[in-house]
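Chain by chain, the residues run as shown.
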Amino acid sequence: MIKCVDNLNMELTNACNFSCRFCASPVMSRKKGLMDTALAKHLISEARKSGFCRNVTTNVMGEPLLHKGLFEIVEHAHTVGQRLTVITNGERLDADTAEKLIAAKPFEVAISFHADSDASFAARGAAISYSAYKNQVFQLLDVKYRLRSPTRISVQVMTSVTRPASAVKLLAGDDDIREFGKEWLSFAREMKKKHALNWQVPPRIFVGANGLLPGFYLALYDSYHTWSNSILPPGTAVKKGVCCHCTAPFTQCNVLWNGDMTLCCIDYDGELVFENVKDKPLVETFNSLQARALRARFIDGKGVPEKCLLCWGSLEPVAAAASGCQKAAGYRLAPAEQAAKAYYRSAAIIGNGEVLDFLSAKLRTWSTARKMRSRSLEP
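Worth saying up front: this structure is predicted, and the values here are computed from it rather than measured. (Residues numbered from 1 in each chain as written. Predicted model: local features only at pLDDT ≥ 70, side-chain atom pairs only at ≥ 80, totals over all residues. Heavy atoms only, no water.)

**Description of the overall build of the protein chain**
Helix and strand counts for the protein chain come out as 13 helices and 12 strands. For the protein chain, the proportion of contacts with a sequence separation of at least 24, taken over those separated by at least 6, is 71%. Surface accessibility of the protein chain: about 17,000 Å² in total, with carbon and sulfur atoms responsible for 52%. (Helix = DSSP H or I, 4+ residues; strand = E, 2+ residues; numbered from the N terminus. Contact = heavy atoms within 4.5 Å. Areas by Shrake-Rupley, 256 points an atom, 1.4 Å probe, with all protein chains shown as cover.)

Printed below as a string of structure tokens:
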């Protein structure tokens, strides 16, 4: 029996207030809706009481600030002593929302910023300007330090520093990063002075997590998301993997808005749903016969769901389009791994905060997954 997982990801809503228009997004066929506030609070209480997870996140799909019960849910998590991270695209962080969110005392607010200019932000299809959006994030931080809140705030930005410029250039070189960092560093120094913070603001930023102020991180990442290879570059196809060394079924618990449980945070259409948390306790559901049978398939390497094999597959060029892709990406398209690398170096990013580098994910999870082979699935 698996007694503790890294994250309990709760999908409070699978509706979004904006999406990235310069990259394809998955076509979701399942019904949209909002998680019942009582159910969300019940899951948080149960997770805390059982010691089931280290952190609860508003993750899987959707924008949590669209949920009218969000502040009540966050306050409940704080009351029962359960860490909760609110993952948001940040467009709805107006002055009133910022005050209420910080006052609710989440463990962390993670903002999927993913923009560095008017052009890159406009490509996300937001209803406000880049300047207004950026000022909202600054305002949230000002509220945090004014209220002396322990809530951590992370601003996450994708970069294209290691790959050729794509349709929308985003921090594509060291000069761009230095210029982008000037405003954030200047703001950090202003906050340090205004709120008398005992902190050494760094002289520059780099690709990685930058601790600009106590409890505030500006994180520049270099990752793209293909939604389990359901979004493909032009001229490529997926060759299914022969195995799937994925740790998600062992380390994640993902509850969709209607209570359905899945073992993958990017199972956006609920294809791997096996039970519903309304029918039995959270831990019991996570360790049900169906869930343990699915994990056994990963351990044995037999009968792994096709969706997972596609996720862990390799991208191969379609012959008719090979020459065009090669010219655009600057890579030879053989073998298949080269085609995948070409795509990740030329594709545009998406801005919903769900970031996963297909190639690196293999390397990150391979050794951990091998260790899982010795883990018993007995209750």
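Now that the structure has been shown, the text picks up again.
**Points about the sheet that holds strand β1 (residues 5-10)**
Here we have 10 strands laid out as an open sheet, ordered β6-β7-β5-β4-β3-β2-β1-β9-β10-β11, and mixed in their pairing. If you trace the sheet from one side to the other, it starts and ends with β6 (208-213) and β11 (275-276), each paired once. For strand β4 (residues 108-112) and strand β5 (residues 152-158), the ladder comprises 5 bridges, and the chain directions are parallel. Within the sheet, the bridge partner assigned to Ala-110 lies in β5 and is Ser-154. Contacting β1, β2 (53-57), β3 (84-88) and β9 (252-255), helix α1 (residues 37-50) runs over the sheet at an angle of about 170° to β1. (Pairing = 2+ DSSP bridges. Axes fitted to C-alpha atoms, helices over the stretch in contact; angles between N-to-C directions.)

**Digging into the packing of aromatic side chains**
One pass over the structure, following the stated rule, counts 10 aromatic pairs. Pairing Phe-52 with Phe-286 gives two aromatic rings, centres 5.2 Å apart and planes at 75°, and the pair type is edge-to-face. Pair noted here: Phe-52 is in the loop between α1 and β2 and Phe-286 is in helix α8 (residues 282-286), with a separation of 234 residues, a long-range link. Owing to a relative accessible area of 0%, Phe-52 belongs among the buried residues under this scheme. (Phe/Tyr/Trp six-rings, centres within 6.5 Å; stacked < 30°, edge-to-face > 60°. Buried < 20%, exposed > 50% of the residue type's maximum accessible area, 1.4 Å probe, protein only.)

**Brief notes about the nonpolar core**
Core analysis: the biggest nonpolar cluster contains 89 residues, and Phe-180 and Trp-184 have the highest contact counts within it. In terms of residues, this core owes the most to one element, helix α5 (residues 130-146), which gives 8 residues. Residues contacting Phe-180, with those up to four places away along its chain left out, are Phe-113, Ala-115, Asp-116, Tyr-130, Val-157, Leu-171, Ile-205, Leu-218 and Leu-220. (Core = buried A, V, L, I, M, F, W, Y, C linked by side-chain atoms within 4.5 Å.)

**Comments concerning the packing of α1 against helix α2 (residues 70-80)**
Look at α1 against α2: their axes get within 10 Å of each other, and the N-to-C directions meet at 20°. For the element pair α1 / α2, the angle class is roughly parallel. With respect to the hand of their crossing, α1 and α2 are arranged in right-handed fashion. On α2, the residues touching Thr-37, Ala-40, Lys-41, Ile-44, Ser-45 and Arg-48 of α1 are Glu-72, Ile-73, His-76, Ala-77 and Val-80. (Parallel < 35°, antiparallel > 145°, perpendicular 65-115°, else oblique. Left-handed = near helix turned anticlockwise from the far one by under 90°.)

**Some remarks on the packing of helix α3 (residues 95-103) against α5**
For the pair α3 and α5, the least separation of the axes is 9 Å and the interaxial angle reads 40°. One way to sum up the angle between α3 and α5 is to call them oblique. Crossing of α3 over α5 shows right-handed handedness. Note on element contacts: α5 touches α3 through Gln-139, Leu-140, Val-143, Lys-144 and Arg-146, opposite Ala-95, Ala-98, Glu-99 and Ile-102. In terms of residue class, the contact of α3 with α5 is built from 5 nonpolar, 1 polar and 3 charged. (Nonpolar A, V, L, I, M, F, W, Y, C, P; charged D, E, K, R; others polar.)

**Digging into the environment of Asn-89**
Looking at the element boundaries, Asn-89 is found in the loop between β3 and α3. Residue Asn-89 is classed as buried on the basis of its relative accessible area, which comes to 7%. Taking C-alpha positions, Asn-89 is 4.8 Å from Ser-112, a pair spaced 23 residues apart along the chain. A polar contact is formed between the side chain of Asn-89 and the backbone nitrogen of Glu-91, at a distance of 3.1 Å. (Polar contact = N/O pair within 3.5 Å; in protein donor to acceptor, adjacent residues only side chain to side chain.)

**Topic: the state of the cysteines**
Under the definition given, this model contains 0 disulfides. You can see Cys-311 has no disulfide; the closest cysteine sulfur is in Cys-264, sitting 6.4 Å from it. Owing to a relative accessible area of 15%, Cys-311 belongs among the buried residues under this scheme. (Disulfide = S-S within 2.5 Å.)

**As for the confidence of the model for the protein chain**
In this model, the protein chain carries a mean pLDDT of 78, and residues with pLDDT of at least 70 account for 76%. Contacts from residues 320-379, a stretch scored under 50 in pLDDT, to residues over four places away or in other chains number 127 contacts. (pLDDT = per-residue confidence, 0-100.)

**Some details on unusual backbone geometry**
One non-glycine residue, Lys-105, lies in positive phi territory at about 65°. Along the chain, Lys-105 turns up in the loop between α3 and β4. Taking relative accessible area as the criterion, Lys-105 reaches 43% and is therefore assigned partly exposed. Even without being a glycine, Ala-196 presents a positive backbone phi close to 50°. Along the chain, the position of Ala-196 falls in the loop between α6 (174-194) and β6. The exposed category is assigned to Ala-196, whose relative accessible area is 64%.

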